[in-house]
Amino acid sequence: MVIVLTVTTMAAGFLLGFVYRSTAEARDKAANDKLVAAVSTVVSGFDNDPVAECTTVSVGNRQYTVYPARKGDALTGCAVESSSDKGFSGRITIVVGFDREGNILGYDVTSHAETPGLGAKMGEWFRGEGPRSVVGRNPKAAPLRVSKDGGNVDGITAATISSRAFLEAVNSAAEAADTYYSQFTK
């Protein structure tokens, strides 16, 4: 019985490893396609390949990936990949687009494990109308915080922790964009 269990476990482990390795290229392509779609969603009007021209920027002790959007030779904006580990169910990763003045053009939530129907609403909630929308705001001028904390953004009802984490990621992306723009203009 021990031999059968050992052989079965080894065969299952080998098969799992084989499938994982054989699908690595497809998983990498899917992740890259998702990133390209996110960048295209949050910044528009560019004629370069922002993903191919990406660079990293350091803010404090964190690294951010910045995707520059150009029209001809002119830098029109950038997309920044940012994250927060303070979500209700862990890490939230987003891509945020900024114009040259630091105004938010759009965002895309690329990964999260938030509660379906609550925190998972962040993918659309902060695009809404009125005080819950972050689009068009400039986090450098006024950092974004949920109204429950005295801020200026209405958080997701019953998902304040997710809302705080999302806004933390947006604010840190804004810092990275500002750092990138300041390096670009030197």
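Look up a bit, the structure's there.
Now for a look at the structure at hand.

So, how was this worked out
- All residue numbers refer to positions counted from 1 along the written sequence of the respective chain.
- Local features in a predicted model are, by the rule used here, given only for residues with pLDDT of at least 70; side-chain atom pairs are given and counted only at 80 or more, and totals for whole chains, interfaces and linings are based on all residues.
- Note that the side-chain values use all heavy atoms of the structure and ignore hydrogens as well as water.
- At least two DSSP bridges between two strands are required for those strands to pair.
- Elements are defined by DSSP. Helices are runs of H or I of four residues or more, strands are runs of E of two residues or more, and each kind is numbered from the N terminus.
- Each patch is built from residues lacking any salt bridge and having more than 30% relative accessible area; the joining distance is 9 Å for like charges and 5 Å for nonpolar side chains (Val, Leu, Ile, Met, Phe, Trp, Tyr).
- Only the protein chains shown count as cover for residues, and the accessible areas themselves come from Shrake-Rupley with a 1.4 Å probe.
- One side-chain nitrogen of Lys or Arg within 4 Å of one carboxyl oxygen of Asp or Glu is enough to make a salt bridge.
- Lines fitted to C-alpha atoms define the axes here, with helix axes fitted over just the stretch in contact, and angles between the N-to-C directions of these axes take values from 0 to 180 degrees.
- Whether two residues are in contact is decided by their heavy atoms: any pair within 4.5 Å suffices.
- Here the nonpolar core consists of buried residues drawn from Ala, Val, Leu, Ile, Met, Phe, Trp, Tyr and Cys, with membership extended through side-chain atoms lying within 4.5 Å.
- For the exposure calls, accessible area comes from a 1.4 Å probe over protein chains only, and a residue counts as buried if that area is under 20% of its type's maximum, exposed if over 50%, partly exposed in between.
- To pair, rings of Phe, Tyr and Trp, with the six-membered ring standing in for Trp, must have centres within 6.5 Å; the planes then decide the type, stacked if under 30 degrees apart, edge-to-face if over 60, and tilted in the middle.
- Geometrically, a lysine NZ or arginine CZ counts as sitting over a ring once it is within 6 Å of the ring centre and also within 35 degrees of the ring normal.

Regarding the pairing of strand E1 (residues 55-59)
Here comes step 1: As paired strands, E1 and strand E2 (residues 62-71) are joined by five bridges and run antiparallel to one another. Following the sheet pairing, Thr56 is matched in E2 by Thr65.
Here comes step 2: In textbook terms, the turn of a hairpin is the stretch between consecutive antiparallel strands, and for E1 and E2 this stretch comprises two residues, one of which, Gly60, has a positive phi near 65 degrees.

Some remarks on a nonpolar patch on the surface
Here comes step 1: A cluster of nonpolar side chains, Phe14, Leu15, Phe18 and Val19, forms an exposed patch at the surface whose accessible area comes to about 440 Å².
Here comes step 2: Here Leu15 is to be found in helix H1 (residues 2-22).

What to know about the sheet that holds E1
Here comes step 1: Overall, antiparallel pairing links the five strands, which are arranged E1-E2-E3-E4-E5 in an open sheet. In the strand order of this sheet, the two ends are held by E1 and strand E5 (104-111), each with one partner. This sheet shows a mean twist of 30 degrees between the axes of neighbouring strands, independent of strand direction.
Here comes step 2: Contacting E2, strand E3 (74-87), strand E4 (90-99) and E5, helix H2 (residues 24-42) crosses the sheet at an angle of about 160 degrees to E5.

Looking at the nonpolar core
Here comes step 1: Counting residues in each nonpolar core, the largest one holds 34 residues, and the members touching the most others are Val80, Ile94, Val96, Phe98, Phe126, Val134 and Phe166.
Here comes step 2: Mapped onto this core, the elements with two or more residues apiece are E1, E2, E3, E4, E5, helix H3 (122-125) and helix H4 (160-184).
Here comes step 3: Setting aside chain neighbours within four positions, we find Phe126 in contact with Tyr107, Arg132, Ser133, Val134, Val135, Val153, Asp154, Gly155, Ile156, Ser163 and Phe166.
Here comes step 4: With 10 residues, the next largest nonpolar core counts Leu35, Ala38, Val42 and Val51 among its residues.

Remarks on the packing of aromatic side chains
Here comes step 1: All told, the structure shown has three aromatic pairs when counted by the stated rule.
Here comes step 2: With a centroid separation of 5.0 Å and 65 degrees between ring planes, the pair formed by Tyr107 and Phe166 is classed as edge-to-face. Of the two residues, Tyr107 is situated in strand E5 and Phe166 in helix H4; the sequence distance between them amounts to 59 residues.
Here comes step 3: Judged by relative accessible area, Phe166 falls into the buried class, the value being 0%.
Here comes step 4: Aromatic pair Tyr180 and Tyr181: ring centres 5.9 Å apart, planes at 55 degrees, arrangement tilted. Across the pair, Tyr181 and Tyr180 agree in class, each one buried.
Here comes step 5: Connected via pairs of aromatic rings, a cluster forms that spans Tyr107, Phe126 and Phe166.
Here comes step 6: Sitting over the face of the ring of Tyr20, Arg27 holds its NZ or CZ atom 4.0 Å from the ring centroid.
Here comes step 7: A cation sits over an aromatic face here: Arg127 above Tyr107, 4.2 Å from the ring centre.

Overview of the pairing of E3
Here comes step 1: With seven bridges joining them, E2 and E3 adopt antiparallel strand pairing. Looking at the pairing, Lys71 lines up with Ala74 of E3.
Here comes step 2: Between the end of E2 and the start of E3, which pair antiparallel, lie two residues, with Gly72 showing a positive phi angle near 70 degrees.
Here comes step 3: As paired strands, E3 and E4 are joined by nine bridges and run antiparallel to one another. Across the sheet, the residue bridging to Ser84 is Ile92, located in E4.
Here comes step 4: Following E3, the chain reverses through two residues before pairing antiparallel with E4.

Interpretation in functional terms is not warranted from these geometric data alone.
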